Amino acid sequence: WPGKTVTCAVGQYTYQSKIVSIVDLPGCYSLEAQSAEEDVAREFILSGVADAVVVVCDATNMERSLRFVLQILELTERVVVCVNLMDEAEKKGISVRIKQLECMLGVPVVATAARGKRGYGKLKERITECVSLPPLHRIPAENEEERMLRAERIARAVVRRKELREDTCDRSIDRVIAGKWGFAVMGLLLLLVFWLTIAGSNVPSRYLSEWFSVGEKYLYQALSFFKVPIVLCDMAVYGVYRMVARVVSVMLPPMAIFFPLFTLLEDVGYLPRMAFVLDKCFQTCNACGKQALTMCMGFGCNAAGVVGARIMESPGERLIAILTNSFMPCNGRFPTLILLISMFLIAGGSSFLCAVILFFVVLLGVLITFLVSKVLSQTVLKAVPSSFVLELPPYRRPQIAKILVRSVFDRTLFVLGRAVAVAAPAGLLLWLMANVGIGGATVLQQFAAFLDPVGKALGMDGVILMAFILGCPANETVIPIMLMAYLSQGTMTEWTDASMLKQVLLENGWTVLTAVNVMLFSLCHWPCSTTLLTVKKETGSWGWTVAAAGIPTAVGVVLCLFTTAVFHLFH
C-alpha cells in the first residue's frame, strides 16, 4: 500500500466463468484508524472500489468478531459474513446458528473451515449473489458501547457452548505457560531452541564449508581455462566467491534449524502466550507487548524483526521496536558468540554449557532492550502505551509440511538471499583493501592501525574494530576478517578448527577480557547493512536509520568501557 508499512495481497479465482479478484485487507479488530492497518482497511472500504466486503469471523470468539461486523455494516451496503474456524469451534463444543445469525444481521452468512477448505463453494456462491442483488441499507452508526452491547446480544442468541475436555485442557496448560511459571517456561524453551540450533548446525556448516572449498578450486580452474586475467580471477574467487561462501555456510544451517523451530512454536500457538507473559514488562517500559514478538523474530534475523514491527498500532511504539531490535543477536552473530564462548569461557566446548552461557548473553540483550525502550518512551518517543487485543488461539497440532515451507521459503531463503546480495560486493571491497598497498602496508593494515587507539580503549584492538566495521554487510565475516588482518593474508581466511583459531588470537594479544568485550560489542553494535536498509525502507527516514545504528553502538561502547575499567580496577 503506497505510503504505508503494510503489504497488499491480491488473489483471484474463477466462478461461473467469471474472474473474481480478492484484495486481502490487513487483519484488524476495529476500523477506528488507530494504526496503519486499520487506516488502510477503512480507506479501502470507503473508497467504493470493492464490489463487496467479506468479513471473516472467528467462530470460537463470535462476540468480538460481531463488533467488527457491525462496524463494517455501518460503512458499506454489500457485506458477506464468513464464520471461519468452525472445525475449531466444534472441538471446543461451540455451535453457531448460521441461519439465525443471517436473519439478525440481514446479510449473507456462510460457515467455513479454512484448513479443510469446507464451505468454499458456498462462500463463492453467496459472494456472487451479494454482488448481483440490489444493495442493502447501511445500519445506523452506533457508539462503541452500543455496538458492544448489540454484539453481545446477538452472540448470546446464536452461540451455544458446552464445556469439553479439550477446552479445559487448554485452560490448564495456559495456567502454567501464561501464568506464574510463564517466564520459566519461556526461558527453558529458549534454551532448548539455542541448544538444538548450536548442536545441529556445527556439522552442516563444516560440510558446506568443505563443499564450497572444492567448488572454489573448480571455479578458479574454469576462469583460468577461459583466459580470464589472474587479477580478475583472484577478485572473483578469493574476494566475491569466498565471502558469499562464508555467509552461506555459516548462516544457512542455523537458520534452517532456528526458523522451523520458531515457526513450530508459532503454529502450536505459543508465541501469543509469550507476548502475554512479556506484556507487563513492556508496559513498565511504556512500550507495547507486541514488541515481544518482533524481539523474538530478531533472533533469526534483525531485518525480519524490523519488518515485524508493522504490527504496532502506535508510530512511536513501532519506532521503539525498530530501534531496539538489534539488541537481539541474529544468526549472523551467533557463530561469533558461540566460538568465543567455547574457546575462552568453556573448557571442552560442551554444546549445552555453551547454550546456557549464550542464553544469559541473550538475557542481557533483553534487559538492555527493556532499558533502552524505557528511555526512548520517556524522551524522544514519549507517548502513552496503546492497548491492544491479544488473541490466544487454541493449541493446535503442528502442520509439519506447512511449517517447513513457510520457514524455508518465506524466512530462511528470503533472509539468506538478501545477505548474499550484500556480501558479494563487500567481498570485492575487502579483497581490494587487503591487496592494495600504500607506503609499504596494505589499506587493510593501515585502517587497523588507525583504529588501534580506539580499539585498545574499548579493551579490544584496531583489527577487531576494523573487522566489525568491514563486517557490516554480513556479521558472519567478522572473525575471518580478523584472521586475514592478523595473518597478513590477502584473502579471507578459513580455520580448520577452534584450537587453531584460538592460538592465532592468543598470539595477537587476546585475553579473556578481549573475548568478553568482543562478545559484548557483538551483542551491542550497529546492525548489518541489510537491517539498516530495511530500517530505511520501513521508516522512510535516514535520521531514524542513523539512530538505529548509533543507539546500540553507544550502548556497546559503554559496556566495553565499563568491563575494561572493572578489569583494570581488580588487576
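Residues numbered from 1 in each chain as written. Predicted model: local features only at pLDDT ≥ 70, side-chain atom pairs only at ≥ 80, totals over all residues. Heavy atoms only, no water.

S.K.: Explain the overall build of the protein to me, using residue names and the numbers behind them.
M.R.: Each helix and strand counted, the protein has 23 helices and 9 strands in total. Its C-alpha radius of gyration of 27 Å places the protein within 12% of the 25 Å reference for a compact globule of 571 residues. A buried classification covers 51% of the 571 residues belonging to the protein. The contacts of the protein with a sequence gap of at least 6 include a subset with a gap of at least 24, amounting to 74%. Distance from the positive charge centre (51 side chains) to the negative charge centre (44 side chains) of the protein: 3 Å. (Helix = DSSP H or I, 4+ residues; strand = E, 2+ residues; numbered from the N terminus. Rg over C-alpha atoms; globule rule 2.2 N^0.38 Å. Buried < 20%, exposed > 50% of the residue type's maximum accessible area, 1.4 Å probe, protein only. Contact = heavy atoms within 4.5 Å. Lys, Arg positive; Asp, Glu negative; His and termini not counted. Charge placed at Lys NZ, Arg CZ, Asp CG, Glu CD.)

S.K.: So what's going on with the packing of helix H18 (residues 462-470) against helix H21 (residues 512-523)? Residues and values would help.
M.R.: The N-to-C vectors of H18 and H21 enclose an angle of 20°; their axes lie 12 Å apart at closest approach. By the criterion of interaxial angle, the relationship of H18 to H21 is roughly parallel. Crossing of H18 over H21 shows right-handed handedness. Together, Ile464, Leu465 and Phe468 of H18 and Thr514, Val518, Phe521 and Ser522 of H21 make up the contact between the two elements. Looking at the contact of H18 with H21, its residues break down into 5 nonpolar, 2 polar and no charged. (Axes fitted to C-alpha atoms, helices over the stretch in contact; angles between N-to-C directions. Parallel < 35°, antiparallel > 145°, perpendicular 65-115°, else oblique. Left-handed = near helix turned anticlockwise from the far one by under 90°. Nonpolar A, V, L, I, M, F, W, Y, C, P; charged D, E, K, R; others polar.)

S.K.: Please provide a residue-by-residue account of the sheet that holds strand E6 (residues 109-111), values included.
M.R.: Overall, parallel pairing links the 3 strands, which are arranged E3-E4-E6 in an open sheet. Two strands close off the open sheet at either side, each with one partner strand: strand E3 (53-58) and E6. Direction aside, neighbouring strands of the sheet carry axes that sit 25° apart on average. With 6 bridges connecting them, E3 and strand E4 (residues 79-84) associate as parallel partners. By the bridge assignment for E4, valine 56 is matched with cysteine 82. Contacting E3 and E4, helix H2 (residues 62-73) runs over the sheet at an angle of about 165° to E3. Running at roughly 165° to E4, helix H5 (residues 120-132) makes contact with E3, E4 and E6 of the sheet. (Pairing = 2+ DSSP bridges.)

S.K.: Talk me through the packing of aromatic side chains; I want residue IDs and the actual numbers.
M.R.: Applying the stated rule across the entire model yields 12 aromatic pairs. Note on phenylalanine 212 and tyrosine 241: the rings are 6.2 Å apart at their centroids and 70° apart in plane angle, and the pair reads as edge-to-face. Of this pair, phenylalanine 212 sits in helix H8 (residues 182-225) while tyrosine 241 is found in helix H9 (residues 230-268), placing the two residues 29 residues apart along the sequence. Above the ring of tyrosine 207, the side-chain terminus of arginine 206 is found at 5.7 Å from the ring centroid. (Phe/Tyr/Trp six-rings, centres within 6.5 Å; stacked < 30°, edge-to-face > 60°. Lys NZ or Arg CZ within 6 Å of the ring centre and 35° of its normal.)

S.K.: Could you give me a rundown of the pattern of salt bridges, with the residues and numbers involved?
M.R.: Tallying each qualifying case throughout the model produces 11 salt bridges. A salt bridge links glutamate 216 to arginine 242; its shortest N-O distance comes to 2.4 Å. Of this pair, glutamate 216 sits in helix H8 while arginine 242 sits in helix H9, and the two are 26 residues apart along the sequence. In this pair, the class of glutamate 216 matches that of arginine 242, namely buried. (Salt bridge = Lys/Arg side-chain N within 4 Å of Asp/Glu carboxyl O.)

S.K.: Residue-level account of H2, with values.
M.R.: Side chains that are three or four residues apart share a direction in an α-helix, a result of its 3.6 residues per turn. With 12 residues, H2 extends 16 Å between its outermost C-alpha atoms, agreeing within 8% with the 16 Å of an ideal straight helix rising 1.5 Å per residue. With 10 of 12 residues buried, H2 lies mostly within the body of the structure. (Expected span 1.5 Å × (residues − 1).)

S.K.: Report on a nonpolar patch on the surface, specifying residues and quantitative values.
M.R.: Among the surface-exposed residues, Ile400, Leu404, Val405, Val408, Phe409 and Leu413 lie close enough to one another that they form a single nonpolar patch of about 530 Å² accessible area. The topology assignment puts leucine 404 in helix H16 (residues 400-435). (Patch = residues over 30% accessible without salt bridge, like charges linked within 9 Å, V, L, I, M, F, W, Y side chains within 5 Å. Areas by Shrake-Rupley, 256 points an atom, 1.4 Å probe, with all protein chains shown as cover.)

S.K.: Give a detailed account of the environment of serine 373, specifying residues and quantitative values.
M.R.: By the element assignment, serine 373 lies in helix H15 (residues 351-377). Residue serine 373 is classed as buried on the basis of its relative accessible area of 0%. Placed 70 residues apart in sequence, serine 373 and valine 443 show a C-alpha to C-alpha distance of 39 Å. Within the local environment of serine 373, its side chain forms a polar contact with the side chain of glutamine 291, the two groups lying 3.3 Å apart. (Polar contact = N/O pair within 3.5 Å; in protein donor to acceptor, adjacent residues only side chain to side chain.)

S.K.: Give a description of unusual backbone geometry that names residues and reports values.
M.R.: Although it is not a glycine, leucine 85 adopts a positive phi angle of roughly 60°. Its location among the elements puts leucine 85 in the loop between E4 and helix H3 (86-91). Of note in this structure, asparagine 286 is not a glycine but carries a positive phi near 60°. Tracing the backbone shows asparagine 286 in the loop between helix H10 (271-284) and helix H11 (291-300). For asparagine 286, a relative accessible area of 22% corresponds to the partly exposed category.

S.K.: Explain the packing of H21 against helix H23 (residues 542-570) to me, and be specific about the residues and the numbers.
M.R.: Following both chains from N to C, one finds H21 and H23 inclined at 160°, their axes separated by 9 Å at the closest point. By the angle class used here, H21 and H23 are roughly antiparallel. Regarding H21 and H23, the two cross each other, and that crossing is right-handed. From H21, Leu513, Asn517, Leu520 and Phe521 reach across to H23, where they touch Gly556, Val557, Leu559, Cys560, Thr563, Thr564 and Phe567. For the contact of H21 with H23, the residue count by class is 7 nonpolar, 4 polar and no charged.

S.K.: Can you break down the environment of tyrosine 486 residue by residue, with the values?
M.R.: Note on placement: tyrosine 486 falls in helix H19 (residues 478-486). Once the C-alpha coordinates of tyrosine 486 and valine 463 are considered, the two residues, 23 residues apart in sequence, prove to be 7.5 Å apart. With near-sequence residues (within four places) excluded, tyrosine 486 lies in contact with Asp461, Val463, Ile464, Val504, Leu505, Asn508 and Trp510. Side-chain polar atoms of tyrosine 486 contact the side chain of aspartate 461, separated by 2.7 Å.

S.K.: Please provide a residue-by-residue account of the nonpolar core, values included.
M.R.: Core analysis: the biggest nonpolar cluster contains 113 residues, and Leu444, Met482 and Trp510 have the highest contact counts within it. With 11 residues, H15 is the single largest residue contributor to this core. Once residues lying within four places of it in the same chain are set aside, the contact partners of tryptophan 510 are Leu340, Phe344, Asp461, Ile464, Met482, Tyr486, Leu505, Ala515 and Val518. With 35 residues, the next largest nonpolar core counts Cys57, Met62, Val69 and Val158 among its residues. (Core = buried A, V, L, I, M, F, W, Y, C linked by side-chain atoms within 4.5 Å.)

S.K.: Would you mind going over the pairing of strand E2 (residues 18-24) in detail, with residue names and values included?
M.R.: Two strands pair when backbone bridges link them, and strand E1 (residues 9-15) and E2 are joined in this way by 7 bridges, in the antiparallel orientation. What sits directly across from tyrosine 15, in E2, is lysine 18. The hairpin turn running from E1 into E2, its antiparallel successor, is 2 residues long, and glutamine 16 in that turn takes a positive phi close to 55°.

Interpretation note: all reported values are geometric properties and have no functional meaning in isolation.
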